[in-house]
Structure formats: structure tokens, C-alpha cells
Amino acid sequence: VQLQASGGGLVQAGGSLRLSCVVSGRFFSSSTMGWFRQPPGKEREFVGASTWSGGNTDYATSAKGRFTISRDNSKNTVYLQMNSLKPEDTAVYYCAARRPYFTGSHYDTDDYDYWGQGTQVTVSS
């Protein structure tokens, strides 16, 4: 399984970006997908997730109301739409996938089995 994230860039505060993550393999629709970020000098943190079971989404407090995760199972792609960006959103953003059919916690990096390479998001003030 390979994950390829893209869509990062430099944006002014208040702007928007949409990140994409394309996943190889045929079990995408049965896998929980997560987005994490790693700010400079900090640990990787949970941003949000799209669960395969029930098609639910879940967000970190910092992302609620501003970020939206969606997925297109026909394209094996998960998206992270980020609006009203703030300088504190500056980070490398990673997409991650759990093994198919696994449920349970999706908040920790250890909950995921496959990772993309990360895409840089920089928000200027």
C-alpha cells in the first residue's frame, strides 16, 4: 500500500487549501483514513479521520468547523479541505491508512499502518 499526499503550499491567514491523498491498493473503501500534522519542532498530531465503517468523520478540536475530510472511493482518494487557515496550522501534513476492516481508536499514530510522505502547509500572517 502506498499513499501519495499533495496539495500543500503557502497561503495567507484566512485562506484555504485542499490536500489530497491517493492510495494504491484495492481495500481503500474498507480502510479508515487519517490526517495528521507535524508543526515545526513538535510531535505529530491528529487532525481528523474518515472511518470506513459508517462513513463517519472525526476531527481534532483545532480542526472542527474549519477542516473537512471527504473521500472518493472510486478514486481511492481522501481529501482534507482546510478553510480559515491560521499561522498555527503551519505544519507538514500526513495522510495515513489503517489496515482494512479495523475499527476502534483512530487518534494515535500507532493506530495506522501506512503513511504518505507528507506535504508542507505554510500559513503566513
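Described below are features of the structure shown in this document. (Residues numbered from 1 in each chain as written. Predicted model: local features only at pLDDT ≥ 70, side-chain atom pairs only at ≥ 80, totals over all residues. Heavy atoms only, no water.)

Considerations on the sheet that holds strand β3 (residues 17–23)
Within a beta sheet, neighbouring strands are joined by backbone hydrogen bonds and run either parallel or antiparallel to one another.
Consideration 1: Spatially, the four strands line up as an open sheet ordered β1-β3-β8-β7, and their pairing is antiparallel. The outermost strands of the open sheet, each flanked by one partner alone, are β1 (3–6) and β7 (67–72). The sheet shows a mean angle of 15 degrees between the axes of neighbouring strands, taken without regard to direction. (Pairing = 2+ DSSP bridges. Helix = DSSP H or I, 4+ residues; strand = E, 2+ residues; numbered from the N terminus. Axes fitted to C-alpha atoms, helices over the stretch in contact; angles between N-to-C directions.)

Regarding unusual backbone geometry
Glycine aside, residues mostly have negative phi, and peptide bonds are mostly found in the trans state.
Consideration 1: Not every positive phi belongs to a glycine, and Asn-76 is a case in point at roughly 50 degrees.
Consideration 2: Along the polypeptide, Asn-76 turns up in the loop between β7 and β8 (77–82).
Consideration 3: When its relative accessible area of 18% is taken as the criterion, Asn-76 is described as buried.
Consideration 4: Backbone geometry places Tyr-101, a non-glycine residue, at a positive phi of 75 degrees.
Consideration 5: Relative to the helices and strands, Tyr-101 resides in the loop between β9 (91–97) and β10 (114–115). (Buried < 20%, exposed > 50% of the residue type's maximum accessible area, 1.4 Å probe, protein only.)

A closer look at the pairing of strand β11 (residues 119–124)
Looking along a regular strand, one sees side chains alternate from face to face of the sheet.
Consideration 1: Covered by surrounding structure in β11 are Thr-119, Val-121 and Val-123 only, the residues Gln-120, Thr-122 and Ser-124 on the alternate face being uncovered.
Consideration 2: Where strand β2 (residues 9–12) meets β11, four bridges bridge the pair, whose relative direction is parallel. Note on β11: the bridge partner recorded for Leu-10 is Thr-122.
Consideration 3: Of the strand pairs in this sheet, β9 and β11 are connected by three bridges, and their pairing is antiparallel. Along β11, the bridge assignment pairs Ala-91 with Val-121.

Observations regarding the packing of aromatic side chains
Consideration 1: By the definition in use, this model includes seven aromatic pairs.
Consideration 2: Note on Phe-36 and Phe-46: the rings are 5.7 Å apart at their centroids and 75 degrees apart in plane angle, and the pair reads as edge-to-face. One end of the pair, Phe-36, is in strand β4 (residues 33–38); the other, Phe-46, is in strand β5 (residues 45–50), and 10 residues separate them in sequence.
Consideration 3: The structure contains a cluster of three or more aromatic residues connected by ring pairs, namely Phe-36, Phe-46, Tyr-94, Tyr-107, Tyr-112 and Trp-115.
Consideration 4: The lysine or arginine in question, Arg-44, covers the ring of Tyr-94, its NZ or CZ lying 3.6 Å from the ring centre. (Phe/Tyr/Trp six-rings, centres within 6.5 Å; stacked < 30°, edge-to-face > 60°. Lys NZ or Arg CZ within 6 Å of the ring centre and 35° of its normal.)

Observations concerning the side chain of Arg-66
Consideration 1: You can see Arg-66 is positioned in the loop between β6 (57–59) and β7.
Consideration 2: You can call Arg-66 buried: its relative accessible area is 13%.
Consideration 3: A polar contact of 2.8 Å, which involves the side chain of Arg-66, links it to the backbone oxygen of Ser-62.
Consideration 4: Here the side chain of Arg-66 touches Asp-89 through a polar contact of 2.7 Å, side chain to side chain.
Consideration 5: Dropping the residues within four chain positions of it, Arg-66 is found in contact with Gln-81, Met-82, Asn-83, Ser-84, Leu-85, Lys-86 and Asp-89. (Polar contact = N/O pair within 3.5 Å; in protein donor to acceptor, adjacent residues only side chain to side chain. Contact = heavy atoms within 4.5 Å.)

Shape is all these values report; function is a separate question.
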